[in-house]
Amino acid sequence: MSFDSLVITAHPDDAEAQMGGTLAKLAGRGQAILVVDLTEGEPAELEPRGTRARQAAEAARILGVQRLTLSHPDRLLVDDVATRIEVAGLIREHRPHTVYAIGEACVHPDHIAAASIVRAATFLARLSKWEEVPGGETLASTEPWAVSRLFFPHCKMETPWSSFAFAIDVSDTYERKRAALATYTSIFAKADRLLALYEAEDQYFGRMLGVSYAEIFRSASPVLLDDPAVILPGVHA
Ligand SMILES: [Zn+2]
C-alpha cells in the first residue's frame, strides 16, 4: 500500500508528541499516513509489557493514521546497516511524498539513532543496483523511490527551537492530540508535568503565530512554494 506520508520515530508516543495535531489534521483531509515506530518502547516505566502497544493502537485510531511498530531494542537502538536497509525498504514499499523524522541530536540515544537511520534510509531508498551491493540485496526487489520532502517536527525532549521552517495551525485538532497522548498511561502519569510542558510549547508557538496551538517543523532543504498565497496571514502581516 502507498502512503502520502511516513512518520518514522523511535518510540510509540513520539509522533503524537511531536506532530499529533498535524497528523489528525492531514488524516482528516484524506491523507494516508503511516507511523513507523522503530521500537516497541518496552519496558514502559509505569505499566506491564504489552500495555504500550494497545495504547499506541488506540492513539493511532484517535488520530486517523496507520501504525507499524518494529521490534528493535528500546533504549539500545543503533544506526546500523541492516536497519538502514530495512527502513529504506519501507520507504520503497510505501512510496511516500513526505517523510517526517526526528531531525536533531536529542538527549535520548534512541532518538539520536533514529535521526541518523531515517536520514540515511531516505537517501538509500532512491538508489538502484542493490543486487550488486553485499548486504543490500533485499532492496533489489523494490523500485527506487525518491522522497520529495524530508521534514523534522520538533522533538519535545529538546529545548524549544528559536527558528523553524514552517508551522502548522493545529488549533482545531488539538483536542485529538491531547486524547492520543492521554492514552499512554504506561509512560505518562495522570496530570503528568511533561504533558503540560508539551502543551505549553505548542501554545507558545501558537501565540507567536496568532493561533491557539501550532506545531513547528524544520526541513532538510529550503521550503519552495509555487504560490505565496497559500501562506496563512501573519500576526502583523
Ligand atoms: Zn521517544
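Structure: above.
Below is a summary of the structure that appears in this document. (Residues numbered from 1 in each chain as written. Predicted model: local features only at pLDDT ≥ 70, side-chain atom pairs only at ≥ 80, totals over all residues.)

Concerning the sheet that holds strand E1 (residues 5-9)
Then step 1. Strand order in the open sheet formed by seven strands is E3-E2-E1-E4-E5-E7-E6, and the pairing between neighbours is mixed. Each edge of the open sheet is held by one strand with a lone partner, namely strand E3 (66-72) and strand E6 (166-169). This sheet shows a mean twist of 25 degrees between the axes of neighbouring strands, independent of strand direction.
Then step 2. Across the face of the sheet, helix H3 (residues 81-94) comes into contact with E1, strand E2 (33-39), E3 and strand E4 (98-101) while running at roughly 160 degrees to E1.
Then step 3. On top of the sheet, helix H4 (residues 109-124) reaches E1, E2, E4 and strand E5 (149-153); it is set at about 160 degrees to E4, its chief contact. (Pairing = 2+ DSSP bridges. Helix = DSSP H or I, 4+ residues; strand = E, 2+ residues; numbered from the N terminus. Axes fitted to C-alpha atoms, helices over the stretch in contact; angles between N-to-C directions. Contact = placed C-beta atoms within 7 Å.)

Digging into the pairing of E5
Then step 1. Bridge count for E4 against E5 is three bridges, and the pairing is parallel. By the bridge assignment, Tyr100 is partnered in E5 with Phe151.
Then step 2. Here E5 runs beside strand E7 (residues 214-219); their pairing, made up of three bridges, is antiparallel. What sits directly across from Phe152, in E7, is Arg218.

Re helix H6 (residues 193-209)
Then step 1. Look at H6: 25 Å from first C-alpha to last across 17 residues, which is about the 24 Å you get at 1.5 Å a residue.
Then step 2. Along H6, the residues that are buried comprise Tyr198, Asp202, Phe205 and Gly206. Taken down its axis, H6 places every buried residue within 110 degrees of arc, on the same side. Opposite the buried face of H6, at more than 90 degrees from it, the exposed residues are Arg193, Ala196, Leu197, Ala200 and Met208.
Then step 3. Those residues of H6 that are buried are in contact with helix H1 (14-28), E6 and E7. (Expected span 1.5 Å × (residues − 1). Buried ≥ 20, exposed ≤ 12 C-beta atoms within 10 Å, placed from the backbone. Arc of directions from axis to C-beta.)

With respect to the environment of Phe164
Then step 1. Topologically, Phe164 is positioned in the loop between E5 and E6.
Then step 2. Taking the number of C-beta atoms within 10 Å as the measure of exposure, Phe164 has 17 and is therefore partly exposed.
Then step 3. Setting aside residues up to four positions removed in sequence, Phe164 forms contacts with Ile216, Phe217 and Arg218.

Describing the pairing of E2
Then step 1. Counting buried positions over the seven residues of E2 gives seven, a clear majority of the element.
Then step 2. Looking at chain direction, E1 and E2 are connected through five bridges and run parallel. Paired with Leu6 across the two strands is Leu34, which belongs to E2.
Then step 3. On the question of chirality, the crossover connecting E1 to the parallel E2 by way of H1 is right-handed. (Right-handed = clockwise from strand over helix to strand, strands pointing away.)

Observations regarding the environment of Asp202
Then step 1. Structurally, the position occupied by Asp202 is in helix H6.
Then step 2. You can call Asp202 buried: it has 25 C-beta atoms within 10 Å.
Then step 3. Between the C-alpha atoms of Asp202 and Lys190, which are 12 residues apart in sequence, the distance is 20 Å.
Then step 4. Setting aside its immediate chain neighbours within four residues, Asp202 contacts Val170, Tyr213, Ala214 and Glu215.

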